[in-house]
Amino acid sequence: MSEEEARKAFQEIRWADTKGEPVCPRCACMAVYGYKTRPLFKCKGCDHQFSVTSGTIFASRKLPVSTYLLAIAIFVNAAKGHSALQLSRDLDCQYKTAYVMAHKIREALASEQQDMTMEGTVEVDGAYFGGHLKPANWKENRIDRRLAKNQNGKRRVVVIMRERGGRTLPFVFKTEGESVPTIEARVHPNAIIHADEAVHWDRLHMFYLTKRINHQESYSDGDACTNQAESFFSRLRRAEIGTHHHIAGPYLEAYAAEIAWREDHRRVSNGEQFLIATNAALAHPVSRQWKGYWQKGR
Ligand SMILES: [Zn+2]
């Protein structure tokens with residue numbers, strides 16, 4: 001795709017309502033000048049000068065527009081996620097650039113989940129990530145890594161709420177039990193919850209009709225199961241082991257949200273996934289977290 005075609009494609013996605021005709025992002029005015037020599041627009045109403053990516057998550061970009069289109073296409077096609085190192089090789093750009101670009105795409109995709117609530121049948125489950133301690137070399141120096149006093153405090157649990165035939169909503173906590181208030185806030189009181197035998201889910205019975213499955217006995221007893229939640233964790237675990245190798249720490253929630261998006265759109269064609277992701281990126285405002293990330297002295 002030539003740069004001009006790529007810009008045209010971006011325009012058509014960002015300003016779909018006006019069939020690709022630019023609209024001023026500052027005052028929503030449609031009377032806009034174009035320039036012959038530069039790919040910029042100027043608003044007749046407020047004199048604001050803008051490009052096709054101004055005011056979106058890709059604002060202040062330095063690479064050609066076609067690179068961003070390619071980045072989104074590569075990103076959505078990777079079922080288990082795509083590492084920044086690999087993306088930098090695909091796009092022939094620096095690792096730091098690819099790292100921030102991938103996180104911006106993740107942030108835009110996660111915006112779908114911001115105010116999402118669940119109803120109907122909802123599966124709830126948690127899985128632990130991070131905080132790995134390497135066992136000591138000599139057997140006599142090894143410690144019991146299961147004990148809290150011997151852990152490094154970095155282990156976190158991703159708790160998932162998954163609507164049957166609907167959407168997926170992940171959150172990160174220190175312990176599974178801490179997630180109950182969030183579940184209460186996000187799941188409609190009329191919903192039926194399916195959870196496993198872990199004791200901290202007992203509290204869910206106070207708020208919901210809750211069905212329990214004892215995983216020591218079976219994964220599905222014909223009445224209760226959390227297999228949909230498990231398949232989310234399977235994909236997240238594959239992203240951890242196969243792609244990123246390390247997804248714990250401050251960005252665990254971002255990776256979990258990305259995998260939830262992938263699970264929810266797994267039956268949608270690649271072309272449609274690409275359109276949804278590009279749309280999300282162009283509808284998402286400038287990222288407070290990722291704008292100028294490497295200039296903040298990291
Ligand atoms: Zn304007």
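Let me sum up the structure you'll find in this document. (Residues numbered from 1 in each chain as written. Predicted model: local features only at pLDDT ≥ 70, side-chain atom pairs only at ≥ 80, totals over all residues. Heavy atoms only, no water.)

The next thing to look at is the overall build of the chain. The helix and strand tally for the chain stands at 8 helices and 8 strands. Taken along the three principal axes of its C-alpha coordinates, the chain extends 70 × 55 × 30 Å. Expressed as a percentage of its 298 residues, the buried residues of the chain come to 45%. Of all intrachain contacts in the chain linking residues separated by at least 6 positions in sequence, the fraction that spans at least 24 positions is 59%. Counting every atom, the chain has about 16,300 Å² of accessible surface; 49% of that belongs to carbon and sulfur. Measuring between centres, the 43 positive side-chain charges of the chain sit 9 Å from its 34 negative side-chain charges. (Helix = DSSP H or I, 4+ residues; strand = E, 2+ residues; numbered from the N terminus. Buried < 20%, exposed > 50% of the residue type's maximum accessible area, 1.4 Å probe, protein only. Contact = heavy atoms within 4.5 Å. Areas by Shrake-Rupley, 256 points an atom, 1.4 Å probe, with all protein chains shown as cover. Lys, Arg positive; Asp, Glu negative; His and termini not counted. Charge placed at Lys NZ, Arg CZ, Asp CG, Glu CD.)

Sheet architecture is open: 3 strands sit in the order β1-β2-β3, paired in antiparallel fashion. Looking at strand neighbours, the two that pair on one side only are β1 (32-34) and β3 (49-50), the edges of this open sheet. Pairing of β1 with strand β2 (residues 41-43), which is carried by 3 bridges, proceeds in the antiparallel orientation. Of the residues in β2, the one forming a bridge with Gly-34 is Phe-41. (Pairing = 2+ DSSP bridges.)

Its 13 residues place the ends of helix α7 (residues 252-264) 18 Å apart at the C-alpha level, agreeing with the 18 Å of an ideal helix rising 1.5 Å per residue. Here α7 has its buried residues at Leu-252, Tyr-255, Ala-256, Ala-257, Glu-258, Ile-259, Ala-260, Trp-261, Arg-262, Glu-263 and Asp-264. (Expected span 1.5 Å × (residues − 1).)

It is worth spelling out the packing of helix α3 (residues 84-91) against helix α4 (residues 95-110) at this point. α4 packs onto α3 with a crossing angle of 115° between their chain directions and a minimal axis gap of 8 Å. If you check the angle between α3 and α4, you find them roughly perpendicular. Helix-helix and strand crossings are classified by hand; for α3 and α4 the assignment is right-handed. For the pair α3 and α4, the contacting residues are Ala-84, Leu-85, Leu-87, Ser-88 and Leu-91 in the first and Tyr-95, Ala-98, Tyr-99, Met-101 and Ala-102 in the second. (Axes fitted to C-alpha atoms, helices over the stretch in contact; angles between N-to-C directions. Parallel < 35°, antiparallel > 145°, perpendicular 65-115°, else oblique. Left-handed = near helix turned anticlockwise from the far one by under 90°.)

We now examine the coordination of the zinc ion. Protein-derived coordination of the zinc ion comes from Cys-24 (SG), Cys-27 (SG), Cys-43 (SG) and Cys-46 (SG), at a distance range of 2.3 Å. In this structure, the zinc ion is surrounded by 4 donor atoms whose angles at the metal cover 103 to 113°, and the resulting shape is tetrahedral. Written as a sequence motif, the donor arrangement for the zinc ion is C-x2-C-x15-C-x2-C. Of this pair, Cys-27 sits in the loop between α1 (3-14) and β1 while Cys-46 sits in the loop between β2 and β3, and the two are 19 residues apart along the sequence. (Donors = N, O, S within 2.8 Å, 3.2 Å for Na, K, Ca; no water. Tetrahedral: all angles 85-135°; square planar, octahedral: opposite > 155°, others 65-115°.)

Next up on the list: the packing of helix α2 (residues 65-77) against α3. With their axes 11 Å apart at the nearest point, α2 and α3 run at an angle of 135° to one another. Relative to α3, the element α2 is oriented oblique. Note that α2 runs across α3; the crossing there is right-handed. Contact residues: α2 offers Thr-67, Leu-70, Ala-71 and Ile-74, while α3 offers Leu-87, Asp-90 and Leu-91. Classifying every residue of the contact of α2 with α3 gives 5 nonpolar, 1 polar and 1 charged. (Nonpolar A, V, L, I, M, F, W, Y, C, P; charged D, E, K, R; others polar.)

Moving on, we get to the sheet that holds strand β6 (residues 168-173). With mixed pairing, 5 strands are arranged side by side in an open sheet as β6-β5-β4-β7-β8. Each of the sheet's edge strands pairs with one partner strand only, and the pair in question is β6 and β8 (209-213). Averaged over neighbouring strand pairs, the angle between their axes works out to 25° when direction is ignored. Where strand β4 (residues 121-129) and strand β7 (residues 192-196) come together, 3 bridges link them in parallel fashion. What sits directly across from Val-122, in β7, is Ile-193. Most of the contacts of helix α6 (residues 227-244) go to β4, to which it runs at about 30°, and overall it touches β4, β5 (156-163) and β6. Set on the sheet, α7 makes contact with β4, β5 and β6; between it and β6 the angle comes to about 165°.

Throughout the structure, instances matching the rule amount to 12 salt bridges. Its salt-bridge partner being Glu-3, residue Arg-7 comes within 3.8 Å of it at the nearest N-O pair. Residue Arg-7 and its partner Glu-3 are located together in helix α1, separated by 4 residues, close to a single helical turn. With its nearest N and O atoms 3.1 Å apart, the salt bridge here joins Asp-144 to Arg-146. Salt bridges here are not isolated pairs; linked through shared partners, they connect Arg-106, Glu-258 and Arg-262. (Salt bridge = Lys/Arg side-chain N within 4 Å of Asp/Glu carboxyl O.)

With that out of the way, let us pick up the state of the cysteines. Here a disulfide denotes a covalent bond joining the sulfur atom of one cysteine to the sulfur atom of another. For the structure shown, the criterion picks out 0 disulfides. Cysteine Cys-29 is unpaired, with the sulfur of Cys-43 as its nearest cysteine sulfur at 4.1 Å. (Disulfide = S-S within 2.5 Å.)

That's the geometry; what it means functionally is another story.
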